[in-house]
2 protein chains.
Amino acid sequence: MLNKHQGEDVASLMARIGRNARAAARPLAIATTAAKNAALLAMAEAIIAREQEILDANAIDVSNGHESGLSGSFMDRLKLDPARIGAMAEGIREIAKLGDPVGDVIAEWDRPNGLHIERVRTPLGVVGVIYESRPNVTADAGALCLKAGNPVILRGGSDSLNSSAAIHACLVEGLKAAGLPEDAIQLVPTTDRAAVGEMLKGLSGNLDVIIPRGGKSLVGRVQSEARVPVFAHLEGICHLYIDRSADLDMAIRIAVNAKMRRTGVCGAAETLLVDRAVASTHLVPILDELRAAGCEIHADQEVLKLFFDAKPATEADWVTEYLDAILAVKLVDGVAGAIEHIETFSSHHTEAIVAEDTQVVEKFFNEIDSAILLHNASTQFADGGEFGMGAEIGIATGKMHARGPVGVEQLTSFKYRVRGSGQIRP
Amino acid sequence: MLNKHQGEDVASLMARIGRNARAAARPLAIATTAAKNAALLAMAEAIIAREQEILDANAIDVSNGHESGLSGSFMDRLKLDPARIGAMAEGIREIAKLGDPVGDVIAEWDRPNGLHIERVRTPLGVVGVIYESRPNVTADAGALCLKAGNPVILRGGSDSLNSSAAIHACLVEGLKAAGLPEDAIQLVPTTDRAAVGEMLKGLSGNLDVIIPRGGKSLVGRVQSEARVPVFAHLEGICHLYIDRSADLDMAIRIAVNAKMRRTGVCGAAETLLVDRAVASTHLVPILDELRAAGCEIHADQEVLKLFFDAKPATEADWVTEYLDAILAVKLVDGVAGAIEHIETFSSHHTEAIVAEDTQVVEKFFNEIDSAILLHNASTQFADGGEFGMGAEIGIATGKMHARGPVGVEQLTSFKYRVRGSGQIRP
């Protein structure tokens, strides 16, 4: 498997993959919803039917991973079991249930000359997904791109290539069963890193957008080197601001959830900002509960004077995505101070405010330029599923095309259909 | 004017312009509609009040242009007169009348847990506009970007810099009058080409999107070298297809308008495809009228047998944007043949069909991947104003973010506002 490309250099291999993807774009764009859903259901079935094959392939990756001394958390993301395989199949079935965005009329209007104009969703084009250890991205990304009518080129991590290839075989089986082009979902069959370089160069115009899924160094490399558009989120430095008008019980509940529910997700809060006006009443009870839940506090000088069980924060704390049970804490002068801090240090992912004063909330909502802003709710709701979009391929922090959760709708473009009765332009 | 940057190298100059633009983004994003409209109206007033100043500056550019032997059509685009200056001011007033897209709720929905989610339009970021001879782009682009809440960096052609600078002074006067940051609209004050290179590199993250307006070589360079997203249309190779079900009179009227109304616009038809089934009845009458209107016909072999007053077409004709009174003509096998030809040679800008058979029209609409598709209407309607969008900054043929006419809405992004009542994620 690993060296399928032997006898063909990586540049030629990738060029061929690009051409194949482009050739699949048209049949896929006009594929019916029924055909796409049939393919998705057949994929899910194949994943269940070929569970042992996938587990065997995964065992090879896991054994190789142990030998090369991969970290525990890496191995945890790599390892598959029947429950994870079942969840993968279920995820594909959920995507089959989503509405087909292609052909949706997003807007329509009439012109005084009688022309009727419709803006209609279309597929976006060829998508490249570059990811790391999680083999389930193969299934998620393949299925989401198919639903949106986009051919996809999957470049999984070297350490999970056997697992990804076994899953990919199931996806191709589903495509075949529904009579859709096999090249609609291609997996790059080499561990050669030059393959990524070719994708970043855009495969001679045959790649329209790249979605990196993985750690900061992967995403950073893709963002700085890609010659095609990128939907990426580099980090989620999410803030929670507790206003003077906040209900204390709610503030405690949301703070603990935003930080501690899962610390490794991009929607986890990394900085807590507390209104100086309620430092004496709100700060300590909130931090007490966070400490009780096992959270380490990195506090600025003022906070340290009120709450002793903390480490002093340094400048680096305001720009660190801990992805761990650590929280940076700072006092600010009301909502204006919170906005100032957030606009300076945020990664423009997700910020939340706890407040009862609606004017304060509107100011927070209007003046902060982040993808997701929440009022009286946990930052951990920053998730395509929680937004009701179904599966997501990631959360985009850029502002071009997609922003926030990237689900099936965000993987589309649009065109205009104009209906006339013989109009010519004066 | 031309050497304002003396003593500062171009890289430093452009870096400073980028930082200034970024600094203006926040005040501009939260500027009220009233303030933005007041600025626009004051700009229009200043342009009228300072007409003589603009004409004097333009006279210098025109005289320099004559000396350097610029072409007639170039000089025509460069030359200003009181009517053109009046139109520029009127264009800005029209933009003041458009709705403010910033803050528009594009979509909203409720979640079962009680969260209410809104998707709200926001400004896009810092826009760079790189253009050639037309000084009026300074006013159009500056005003459109302001309305959408985006700081803009304008890089006009060297040959029109004096004219652009005089217009730009009026825009700044308008910004000041409304209390908006002057750096919201900056004009690059140098003719040094290195300035464009700095913009293509993205000004250290301070430029979010580039819009090139001009000829193929400018747009091509920007597309191939830019390290930031580009809204561009490289060419409009627009097709008109006459189906067997077409009404002949309508076909003639639309063909003549699509080609001959204005031959130099990107929505002008460049290729006429006629259904072979009606070659004997429709072809010659249509071509006769086109010839009578002064159009030169480049015909494929089959067409030449039926219509003698034509030159033989070569392969190059199918991919040429003439922008002139020339039309390539070909017979095709029904709508399937038309789609095949268009998908092979189109620049994905605009295509039109004349037909009475609605099934044929739906096939044409569904299977062609171009920004604008028209039924029984002229391709010359491919225009933001004709779409009811107000002014446009260009027509995008890419599929990322903006497609088709780029008006004030297409210059925005969005964010999510989520309203809760204490929800935490289970």
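Remember, it's a predicted structure, so these values are computed and weren't measured experimentally.

(A) How the structure looks around the overall build of chain A. Broken down by element type, chain A carries 14 helices and 16 strands. Taken against the 2.2 N^0.38 rule, which gives 22 Å for 426 residues, the C-alpha radius of gyration of chain A at 24 Å falls within 12% of a compact globule. In terms of principal-axis extent, the alpha carbons of chain A reach across some 75 × 65 × 35 Å. Counting across all 426 residues of chain A, residues that qualify as buried make up 58%. Intrachain contacts of chain A at a sequence separation of at least 6 include 73% that bridge at least 24 residues. Approximately 15,600 Å² of chain A is accessible, and the part contributed by carbon and sulfur atoms is 50%.

(B) Geometry of the relation of the copies chain A and chain B. Superposition of chain A onto chain B requires a rotation of 180° combined with a translation of 0.0 Å along the rotation axis, giving an RMSD of 0.0 Å. Both copies are brought into coincidence by an operation consistent with a two-fold rotation axis. Judged by C-alpha distance, A:H401 is the residue of chain A that lies nearest the rotation axis, at 2.0 Å. By residue overlap, the copies meet face to face through one surface: 100% of the interface positions of chain A are interface positions in chain B.

(C) The arrangement of the packing of helix 10 (residues 248–260) of chain B against helix 11 (residues 279–292) of chain B in detail. Residues and elements named next belong to chain B. Axis separation between helix 10 and helix 11 bottoms out at 9 Å; the angle between their running directions is 40°. On the basis of the axis angle, helix 10 is oblique to helix 11. For the pair helix 10 and helix 11, the sense of crossing is right-handed. Mapping the contact onto sequence places L248, A251, I252, A255, V256, K259 and M260 in helix 10 and T281, H282, P285, I286, E289 and L290 in helix 11. The residue inventory of the contact of helix 10 with helix 11, partitioned by class, reads 9 nonpolar, 2 polar and 2 charged.

(D) Spotlight on the sheet that holds strand 7 (residues 238–242) of chain B. Spatially, 1(A)-2(A)-16(A)-13(B)-12(B)-7(B)-8(B)-11(B)-9(B)-10(B) is the arrangement adopted by the 10 strands of the open sheet, whose pairing is mixed. One side of each edge strand has no neighbouring strand; the edge strands of this open sheet are strand 1 (105–110) of chain A together with strand 10 (311–312) of chain B. Judged from the 5 bridges that link them, strand 8 (residues 269–275) of chain B and strand 11 (residues 326–332) of chain B form a sheet pairing that is parallel. Counted as the bridge partner of B:T271 is B:A328 from strand 11 of chain B. Packed onto the sheet, helix 10 of chain B meets strand 16 (412–423) of chain A together with strand 7, strand 8, strand 11, strand 12 (350–354) and strand 13 (372–377) of chain B and runs at close to 125° relative to strand 16 of chain A.

(E) Molecular detail of the packing of aromatic side chains. Taken as a whole and judged by the stated rule, the model has 8 aromatic pairs over all chains. Between A:W109 and A:Y416, the ring centres sit 6.4 Å apart and the planes meet at 80°, which makes this aromatic pair edge-to-face. Taken together, the residues span a long stretch of sequence, with A:W109 in strand 1 and A:Y416 in strand 16 at a distance of 307 residues. A:W109 sits in the partly exposed class, given a relative accessible area of 22%. Pairing B:F414 with B:Y416 gives two aromatic rings, centres 5.7 Å apart and planes at 80°, and the pair type is edge-to-face. Given the relative accessible area of 12%, B:F414 is considered buried. Classification of B:Y416 by relative accessible area gives buried; the value is 0%. One aromatic cluster is present, formed by A:W109, A:F414, A:Y416 and B:F387 through successive ring pairs. Over the face of the ring belonging to A:F414 we find A:R119, whose NZ or CZ atom lies 5.5 Å from the ring centre.

(F) Up close: the nonpolar core. Ranked by size, the top nonpolar core spans 55 residues in total, and within it A:M43, A:I47, A:I92, A:V129 and A:F231 carry the most contacts. When residues no more than four places from it in sequence are discounted, the contact partners of A:I47 are A:I54, A:I85, A:M88, A:A89, A:I92, A:A139, A:I167, A:C170 and A:L171.

(G) Broad picture of helix 13 (residues 334–345) of chain B. With 12 residues, helix 13 of chain B should cover 16 Å at 1.5 Å per step; its first-to-last C-alpha distance of 17 Å lies within 8% of that length. Within the span of helix 13 of chain B, buried status applies to B:G334, B:V335, B:G337, B:A338, B:I339, B:H341, B:I342 and B:E343. The inward-facing, buried residues of helix 13 of chain B abut helix 1 (10–29) of chain A together with strand 7, strand 8, strand 11, strand 12 and helix 14 (358–367) of chain B.

(H) Expanded view of the environment of A:C295. Here A:C295 lies in the loop between helix 11 (279–292) and strand 9 (296–299). Not counting residues up to four positions away in its chain, the partners in contact with A:C295 are A:K259, A:M260, A:L290, A:A325, A:I326 and A:L327.

(I) Structural view of the environment of A:G157. Residues and elements named next belong to chain A. By the secondary structure assignment, G157 is in the loop between strand 4 (152–155) and helix 7 (161–177). Of the residues examined, G157 reaches a relative accessible area of 12% and is grouped as buried. Not counting residues within four places of it along the chain, the set of residues in contact with G157 comprises Y131 and E132.

(J) Region of the structure containing the domain arrangement of chain A. By domain assignment, chain A separates into domain 1 (10–231 + 406–417) and domain 2 (238–386). Relative placement of domain 1 of chain A and domain 2 of chain A: their C-alpha centres are 35 Å apart.

(K) Layout of the interface of chain A and chain B. Facing the 74 residues of chain A at the interface are 74 residues of chain B. With both sides pooled, the region where chain A packs onto chain B buries about 6,100 Å², and carbon together with sulfur makes up 49% of that total. Here A:R419 and B:E362 are joined by a salt bridge, their closest N and O atoms 2.7 Å apart. At the junction of chain A and chain B, the tally comes to 51 residue pairs in polar contact (both at pLDDT 80 or more). Going through the elements one at a time, strand 2 (116–123), helix 9 (216–225), helix 10 (248–260), helix 13 (334–345), helix 14 (358–367), strand 13 (372–377), strand 15 (404–405) and strand 16 of chain A are the ones with two or more residues in the side of chain A that touches chain B. It is strand 16 of chain A that contributes the most residues to the side of chain A that touches chain B, 11 residues altogether. Of the residues assigned to the side of chain A that touches chain B, the class counts are 32 nonpolar, 21 polar and 21 charged. Note that strand 16 of chain A and strand 13 of chain B share 5 bridges and pair parallel. Bridged to A:Y416 within strand 13 of chain B is B:I372.

(L) Quick peek at the UniProt feature "domain: Aldehyde dehydrogenase" (unreviewed entry) in chain A. Within this structure's numbering, the places UniProt gives as "domain: Aldehyde dehydrogenase" (unreviewed entry) are residues 17–283 of chain A. A helix fraction of 51% and a strand fraction of 16% characterise residues 17–283 of chain A, whose end C-alpha atoms lie 56 Å from each other.

(M) Spotlight on the sheet that holds strand 3 (residues 127–131) of chain B. Residue and element names in this part refer to chain B. Taken in spatial order, the 4 strands make up an open sheet running 5-4-3-6, and their pairing is parallel. Two strands close off the open sheet at either side, each with one partner strand: strand 5 (185–187) and strand 6 (209–213). Here the average twist between neighbouring strands, direction ignored, is 20°. As judged from the 3 bridges shared by strand 4 (residues 152–155) and strand 5, these two strands associate in the parallel manner. Its bridge partner lying in strand 5, L154 is registered against L187.

(N) Focus on unusual backbone geometry. Residues and elements named next belong to chain B. For S204, which is not a glycine, the phi torsion comes out positive at approximately 55°. Within the element layout of this structure, S204 appears in the loop between helix 8 (194–201) and strand 6. In this structure, H348 takes a positive phi of about 65° despite not being glycine.

(O) Structural context of the pattern of salt bridges. Inspection of every chain in the model, using the stated rule, returns 54 salt bridges over all chains. Its salt-bridge partner being A:R26, residue B:E340 comes within 3.5 Å of it at the nearest N-O pair. Within this pair, whereas B:E340 is found in helix 13, its partner A:R26 is found in helix 1, the two belonging to separate chains. Between B:E296 and B:K311 there is a salt bridge, and its shortest N-O distance comes to 3.4 Å. Residue B:E296 is found in strand 9 (residues 296–299), and its partner B:K311 is found in strand 10; the two are separated by 15 residues along the sequence. Accessibility expressed as a relative area gives 45% for B:K311, which makes it partly exposed. Taken together, the shared-partner salt bridges in this structure form one network comprising A:E118, A:R417, A:R419 and B:E362.

Conventions used here
- Along each chain, numbering runs from 1 in the same order as the chain's sequence is written.
- Going through the entries in the order they are written, you letter the chains from A and number the ligands from 1.
- Totals for whole chains, interfaces and linings use every residue, but because this is a predicted model, local features are given only for residues with pLDDT of at least 70 and side-chain atom pairs only at 80 or more, for both listing and counting.
- Only hydrogens and water are set aside when side-chain values are computed; all heavy atoms of the structure are taken into account.
- Secondary structure counts use DSSP, requiring at least four H or I residues in a row for a helix and at least two E residues in a row for a strand, with both numbered from the N terminus.
- It is over C-alpha atoms that the radius of gyration is taken, and the globule rule equals 2.2 Å times the number of residues to the power 0.38.
- Per-residue accessibility, obtained with a 1.4 Å probe over protein chains only, is compared with the maximum for each type, and a residue is labelled buried under 20%, exposed over 50%, and partly exposed between these values.
- Any two residues whose heavy atoms approach within 4.5 Å are treated as being in contact.
- Surface accessibility in these figures is a Shrake-Rupley result with a 1.4 Å probe; residues are shielded only by whichever protein chains are displayed.
- To superpose the copies, least squares is applied to the C-alpha atoms of every residue with a pLDDT of at least 70 in both.
- Axis lines are fitted through C-alpha atoms, for helices just across the contact stretch, and the angle between N-to-C directions can take any value from 0 to 180 degrees.
- For this classification, under 35 degrees means roughly parallel, over 145 means roughly antiparallel, 65 to 115 means roughly perpendicular, and everything else is oblique.
- Left-handed describes a crossing whose near helix is turned anticlockwise from the far helix through less than a right angle; right-handed describes the clockwise counterpart.
- Gly is put with the polar residues, along with every residue not named as nonpolar or charged; the nonpolar set is Ala, Val, Leu, Ile, Met, Phe, Trp, Tyr, Cys and Pro, and the charged set is Asp, Glu, Lys and Arg.
- Only when DSSP finds a minimum of two bridges between them are two strands counted as paired.
- Here the aromatic set is Phe, Tyr and Trp, taking the six-membered ring for Trp, and pairing holds for ring centres within 6.5 Å; pairs whose planes are under 30 degrees apart are stacked, those over 60 apart are edge-to-face, and all others are tilted.
- Note on criteria: charge over ring means Lys NZ or Arg CZ within 6 Å of the ring centre, with the direction from the centre no more than 35 degrees off the ring normal.
- Joining through side-chain atoms within 4.5 Å is the link that ties buried Ala, Val, Leu, Ile, Met, Phe, Trp, Tyr and Cys residues into a set, and such a set is a nonpolar core.
- Expected helix span is given by 1.5 Å per residue-to-residue step, counting one fewer step than there are residues.
- These domain boundaries are the output of an automatic or database domain assignment.
- Summed over both partners, the accessible surface that disappears when two parts come together, traced with a 1.4 Å probe, is what is meant by buried area.
- Within this document, salt bridges are pairs made up of a side-chain nitrogen of Lys or Arg and a carboxyl oxygen of Asp or Glu, the two lying within 4 Å of each other.
- Any pair of nitrogen or oxygen atoms within 3.5 Å is treated as a polar contact; in protein, a donor-acceptor pairing is required on top of that, and neighbouring residues in sequence qualify only through side-chain atoms on both sides.
- UniProt positions are given in the numbering used here, feature names are shortened, and annotations may be inferred rather than shown by experiment.

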